[in-house]
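What follows is each chain in one-letter form.
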There are 2 protein chains.
Amino acid sequence: MNTIYVVGIGPGAYEKMTVEAAQVLKSCDVIVGYTVYVDLVKEHFPGKEFLTTPMKREAERCELAFREAEKGRKVAMICSGDAGVYGMSGLMYEIGEQYPDTELRIIGGLTAATSGAAVLGAPLIHDFAVISLSDLLTPWEKIEKRILAAAEADFVICLYNPSSRKRHDYLQKACDLVLRYQKPETVCGYVKNIGREGEEGHVLTLEQLRGTEVDMFTTVWIGNSQTRELRGKMVTPRGYRNV
Amino acid sequence: MNTIYVVGIGPGAYEKMTVEAAQVLKSCDVIVGYTVYVDLVKEHFPGKEFLTTPMKREAERCELAFREAEKGRKVAMICSGDAGVYGMSGLMYEIGEQYPDTELRIIGGLTAATSGAAVLGAPLIHDFAVISLSDLLTPWEKIEKRILAAAEADFVICLYNPSSRKRHDYLQKACDLVLRYQKPETVCGYVKNIGREGEEGHVLTLEQLRGTEVDMFTTVWIGNSQTRELRGKMVTPRGYRNV
């Protein structure tokens, strides 16, 4: 049986990786990944063979990993954040159906919802929903339905992929949907370049967020009815009763 | 300015901690935490002073950390999982209002939603909601509303605190709510003792989950309409369109 390690490297900095992820990458022969993430880790793992494919070539990247493993090499497939949150582990299992002699081991990493939350303060302390605004593989109606459901049920909401060149007004649309149930003063936040050079966290109101343009390296948090700003930080309490 | 590091240690094993978390704990004088978590990390950080309070004494634990920091000592407050997901970072900011000379730095850790997902396969790949079934600080009606909203909007759902001695039928109740919108065959999973001795992952249907008794060391995942079982693993696809 061959094994491929599917490794979440966290936001990017070596220190934000788990000890296990670093150990696994050190022990591998080949590290496969999206070009940008391979460049982030390369210097910390000298002597490895690095294989990359560009964005939107994810299936090809998986095939590459399985073919290397079939040669008997120890392979890691890396993803930013956690491999299981909008990451490659799902597709690896799907494509893995064609490679019954190779098993997968998933090594967790810090996903943006939590690594960015640490920059803003404590936005996620209670129940939360994670929603991607990318409609590349999901119809917008489905995304819209989820935003409305999460806002109505007073979840804290974390938005991945809030913007791209073709979808510059999606965050504004999402805020308009939340505004049907939450107040304009609802405490929100966004973080740009989490755990990388140029990291920037901002705490603001839902109304201000609606008028803010963010880029594709940004993650967004929308508070619930209890979320407050404390000394510039975004903080959600543990519950709805007096503690 | 004094600094307290609020550190998520992940599920428990040293290897599942981030490199940064391990570095911070090594550099501290005092490590404060819930007795059980302190026992999990103690052996890896010799020479530190460890201060603990039992469960339900969280506010006291925070005060303890701030008082140590005011003495000029380097203090870490540890939490299992991520400090920002049902963790201590929120309460630390709230109590921190009384300690204006101490700042907090939050160090992320792997939360059960993602560390347990890695055991089951790839259940969270797409949009998901995280809900705690504990009604200690949240009215059950609010929890119920969130479960229904998440199920109707076809989120993958991750349930924290699915059971306790007093709440042995809460998981069954939650499954009944989800069954109003999702099929009995919906692929689900649960993991006991994530990242610790006795770790056990199980993949089963929603109907089977409804009849399963889990303990308080268990986390539960309920798939969306697209989640499948592939070679014994729980796998959610990346979207709703053909890839």
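Residues numbered from 1 in each chain as written. Chains lettered and ligands numbered in written order. Predicted model: local features only at pLDDT ≥ 70, side-chain atom pairs only at ≥ 80, totals over all residues. Heavy atoms only, no water.

Description of the pattern of salt bridges
Residues and elements named next belong to chain A. Applying the stated criterion across every chain yields a total of 24 salt bridges over all chains. Of the charged contacts, one joins Glu49 and Arg73 as a salt bridge, the two residues approaching to 2.8 Å between their closest N and O atoms. Here Glu49 is found in strand E3 (residues 49–53), whereas its partner Arg73 is found in the loop between helix H3 (58–70) and strand E4 (75–79), with 24 residues between them in sequence. Judged by its relative accessible area of 27%, Arg73 is partly exposed. (Salt bridge = Lys/Arg side-chain N within 4 Å of Asp/Glu carboxyl O. Helix = DSSP H or I, 4+ residues; strand = E, 2+ residues; numbered from the N terminus. Buried < 20%, exposed > 50% of the residue type's maximum accessible area, 1.4 Å probe, protein only.)

Looking at the nonpolar core
Among the nonpolar cores identified, the biggest contains 56 residues, and Leu159, Leu209 and Ile222 of chain A together with Leu159, Leu209 and Ile222 of chain B are the most heavily contacted of them. The contact partners of Leu159 of chain B, leaving out residues within four places of it in the chain, are Ile131, Leu133, Leu171, Ala174, Thr219, Val220 and Ile222 of chain B. Counting residues in each nonpolar core, the second largest holds 32 residues, with Phe128, Tyr160, Val187 and Met234 of chain B among its members. (Core = buried A, V, L, I, M, F, W, Y, C linked by side-chain atoms within 4.5 Å. Contact = heavy atoms within 4.5 Å.)

Some remarks on the packing of H3 of chain A against helix H4 (residues 89–96) of chain A
Residue and element names in this part refer to chain A. Look at H3 against H4: their axes get within 10 Å of each other, and the N-to-C directions meet at 60°. Between H3 and H4 lies a crossing whose hand is right-handed. Residues Glu58, Ala59, Cys62, Glu63, Ala65 and Phe66 of H3 touch H4, and the partners they reach there are Leu91, Met92, Ile95 and Gly96. (Axes fitted to C-alpha atoms, helices over the stretch in contact; angles between N-to-C directions. Left-handed = near helix turned anticlockwise from the far one by under 90°.)

Points about the sheet that holds strand E1 (residues 2–8) of chain A
Residues and elements named next belong to chain A. Spatially, five strands are ordered E3-E2-E4-E1-E5 in an open sheet, and the strand pairing comes out parallel. Because the sheet does not close on itself, it has two edges, and the strands there are E3 and strand E5 (102–107). Mean inter-strand twist for the sheet, computed between neighbouring axes without regard to direction, equals 25°. Across three bridges, strand E2 (residues 30–34) lies against E4 in parallel orientation. Within the sheet, the bridge partner assigned to Val30 lies in E4 and is Val75. Helix H1 (residues 19–27) contacts E1, E2, E4 and E5 of the sheet and is inclined by roughly 135° relative to E1. (Pairing = 2+ DSSP bridges.)

Considerations on the pairing of E1 of chain A
Residues and elements named next belong to chain A. Of all seven residues in E1, six are buried, a share of seventy percent or more. Note that E1 and E5 share six bridges and pair parallel. Opposite Ile4, over in E5, you have Leu104 as the bridge partner. Relative to E4, E1 runs parallel, the two being bridged by five bridges. Across the sheet, the residue bridging to Ile4 is Val75, located in E4.

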